[in-house]
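Chain residues, written in single-letter form:
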Amino acid sequence: MLLEVPLLSLMIAVPLLGAILVYIGGKKPENARILGVTVSLIPLIISILLLSGFLMPGSVQLRDYRYSPTSQFHYRAYESAEWIPGLGVTYALGVDELSITLVFLAALLTTLAMIFSWDEKHRVREFYAMFLFMEATIVGVFVSLDFFLFFIFWEAGLIPMYFIIAVWGGPRRKYASLKFFLYTQAASLFVLLAIFVFYLYGGTSNMVQLIETTPVPAGAVANLLFVGLVIGFGTKLPTWPLHTWLPDAHVEAPTAGSVLLAGILLKLGGYGLIRVNVQMLPSAAIDMVWLLAGLGTVSIIYGAIVCIAQDDIKRMVAFSSVSHMGFVTLGIAAGVFAASKNPGAGTLAFSGAIFQMFAHGLVSAMLFMVAGSIGHKIGTRNISDLGGIAAKTPRLSTFIMISFLASLGLPGLVGFVAEFTVFVGTYEAFGWFVAIPIITVVLTAAYYIYAMQKALFGPLNPKLADMSDTHAYEEVPLGVLTIMLAVFGILPFLFFNLIGNFTGPLLGLIGGH
């Protein structure tokens, strides 16, 4: 069955129109909640249909597009129309093996975050409308195949997250939201300048054509452009030392805001590094590989060490994101370096980097949910104020243990697969250099096990005698994420083989440079 329906346009339009619908029809909080979650289910269903087109192409056929018959890359559910003919700008959308998992992740986490926020009481219709608006912008970045369209969605995504932090955030929400906006807006200038350079050399804003023709010549210009894009995308990722906006944004954001910020917004940076830095600047990616490897390694170590010193669980999880997203940068570097030395090598590390984005999205979403649940119930997230809560909250404590164990890399859960493949791929590329980032296995286990032992076990803090356990609206998204952590931890090939179909041809081309 060939689907001719413009699925990607629907994935963007439905949440945008849904945001307006929620704002108009959600004057009663209950109506806003029902409308918001119902609308969010539509993009989720579409994303599952798109994913089925990749996993089961025989049953669901999506419109396929290649730049040329010999092109190594192809895009599904492709849509294209002239937009600004004078500038050569087109309305072009498509998904491939790199973006489809992130599109699915964005749709899934939006729905789960909105369900988890069922008890939100402040300006409820605006709250749910902002999340739908943000979903549209995030999906728009992942599916855009024209730089003009890509940058519109990239910039528009700052607006809903700014208001989510500024209006529904904690005591220092104004400071955190302004810091988030200024950092990410400044980083966007580097991305915008890079787009102008690509247009100058390539004469087009069509990302597919720029990937196929790689018009920027190898050498100083390409390398400088690569560094500028590392700053632009690395701030969003975030990588050390461009990460300082992240802990404040996470601590002050409402729980659902932190879920989408860590779960999917950070992935825009990793996506940009692969789609633009590696695919459009392959020679510069080879020349600057040690920049990526160094930033990734420092981020991994730095984030883990700082986590040990944190008392606030949410702040600890925020810094752990810096550490875990460092695996994305390191995996990209290892894959490119291995492929440049031996065509066909590097697939494991590069695929691991892409899978790490998906895995971290699931794990970080669950971590921020349990951290937020603790804060909502007792008014504090400080580890030193907790103790023995497993006796009062067996269900919440179970979810806390699962999320902590997944993040520290317990075999059988999704975090282990992603990090293990990056470690093996890094050894393949850089040899015993892998011993430096592998230190974090011990550090990560240390801060998570300490936090788990201190918060959950031991004598119950008398102040927590009246602490309640999870509600149904919390258990549903936490239960779904638990299942996902186990399914993709035990059966990683469901997505790993899919990702390999993208990684293999890309690294093959890298090896030819």
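Above this text you will find the structure in question.
This text gives an overview of the structure that appears in the document. (Residues numbered from 1 in each chain as written. Predicted model: local features only at pLDDT ≥ 70, side-chain atom pairs only at ≥ 80, totals over all residues. Heavy atoms only, no water.)

Let's talk about the side chain of Thr-393
Consideration 1: Relative to the helices and strands, Thr-393 resides in the loop between helix H16 (347-378) and helix H17 (394-408).
Consideration 2: The class of Thr-393 is buried, set by a relative accessible area of 0%.
Consideration 3: Apart from the residues within four sequence positions on either side, Thr-393 is in contact with Met-467, Ser-468 and Asp-469. (Helix = DSSP H or I, 4+ residues; strand = E, 2+ residues; numbered from the N terminus. Buried < 20%, exposed > 50% of the residue type's maximum accessible area, 1.4 Å probe, protein only. Contact = heavy atoms within 4.5 Å.)

With respect to the packing of aromatic side chains
Consideration 1: Enumeration over the complete set of coordinates arrives at 30 aromatic pairs.
Consideration 2: Arranged with centres 5.3 Å apart and planes meeting at 80 degrees, the rings of Phe-327 and Phe-423 form a pair that is edge-to-face. Linking Phe-327 in helix H15 (residues 313-341) with Phe-423 in helix H18 (residues 414-430), this pair joins segments that are 96 residues apart in sequence. Like Phe-423, Phe-327 is buried.
Consideration 3: An aromatic cluster is present here, built from Phe-104, Phe-355, Phe-358, Phe-488, Phe-495 and Phe-496 joined pairwise through their rings.
Consideration 4: The ring of Phe-54 is capped by Arg-76, whose NZ or CZ atom sits 4.6 Å from the centre of that ring.
Consideration 5: Positioned above the aromatic ring of Trp-154, the side-chain terminus of Lys-236 is 4.7 Å from the ring centre. (Phe/Tyr/Trp six-rings, centres within 6.5 Å; stacked < 30°, edge-to-face > 60°. Lys NZ or Arg CZ within 6 Å of the ring centre and 35° of its normal.)

With respect to the pattern of salt bridges
Close approach of charged atoms allows side chains with opposite charge to pair.
Consideration 1: Counted according to the given criterion, the structure contains 12 salt bridges.
Consideration 2: Among the ionic pairs, Lys-377 bridges to Glu-474, the shortest N-O distance being 3.1 Å. Residue Lys-377 is located in helix H16, and its partner Glu-474 is located in helix H20 (residues 472-490); the two are separated by 97 residues in the primary sequence. Like Glu-474, Lys-377 is buried.
Consideration 3: Through salt bridges with shared partners, one network takes in Arg-172, Lys-179, Asp-248 and Arg-315. (Salt bridge = Lys/Arg side-chain N within 4 Å of Asp/Glu carboxyl O.)

Notes on empty space enclosed by the protein
Consideration 1: One pass over the structure, following the stated rule, counts 2 cavities of 30 Å³ or more.
Consideration 2: Quantified by volume, the largest cavity comes out at close to 60 Å³.
Consideration 3: Residue lining of the largest cavity: His-324, Gln-356, Ala-359, His-360, Val-363, Ala-406, Ser-407, Gly-415 and Glu-419, and that is the complete set.
Consideration 4: The element best represented in the lining of the largest cavity is H16, accounting for 4 residues. (1 Å grid on protein atoms, 1.4 Å probe; cavity = no way out; pocket = protein on both sides within 12 Å on 5 of 7 lines; lining within 4 Å. Points joined across faces, edges and corners; volume = space filled by probe spheres on them.)

Comments concerning the packing of helix H9 (residues 220-236) against helix H14 (residues 289-308)
Consideration 1: Between H9 and H14, whose axes approach to 11 Å, the crossing angle comes to 20 degrees. By the angle between their directions, the pair H9 and H14 is classed as roughly parallel. H9 and H14 meet at a crossing whose hand is right-handed. Side by side, H9 and H14 meet where Phe-226, Val-227 and Val-230 of the first sit next to Leu-291, Leu-292 and Leu-295 of the second.
Consideration 2: Classifying every residue of the contact of H9 with H14 by side-chain character gives 6 nonpolar, no polar and no charged. (Axes fitted to C-alpha atoms, helices over the stretch in contact; angles between N-to-C directions. Parallel < 35°, antiparallel > 145°, perpendicular 65-115°, else oblique. Left-handed = near helix turned anticlockwise from the far one by under 90°. Nonpolar A, V, L, I, M, F, W, Y, C, P; charged D, E, K, R; others polar.)

Side note on the environment of Gln-279
Consideration 1: With respect to the element layout, Gln-279 can be found in helix H12 (residues 267-280).
Consideration 2: Each C-alpha atom, one on Gln-279 and one on Glu-212, is 8.4 Å from the other, the two residues being 67 residues apart in sequence.

Considering the environment of Gly-500
Consideration 1: By the element assignment, Gly-500 lies in helix H21 (residues 493-511).
Consideration 2: You can call Gly-500 partly exposed: its relative accessible area is 22%.
Consideration 3: Through-space distance from the C-alpha of Gly-500 to that of Glu-97 is 8.2 Å; in sequence the pair is 403 residues apart.
Consideration 4: Setting aside its immediate chain neighbours within four residues, Gly-500 contacts Ser-351 and Pro-505.

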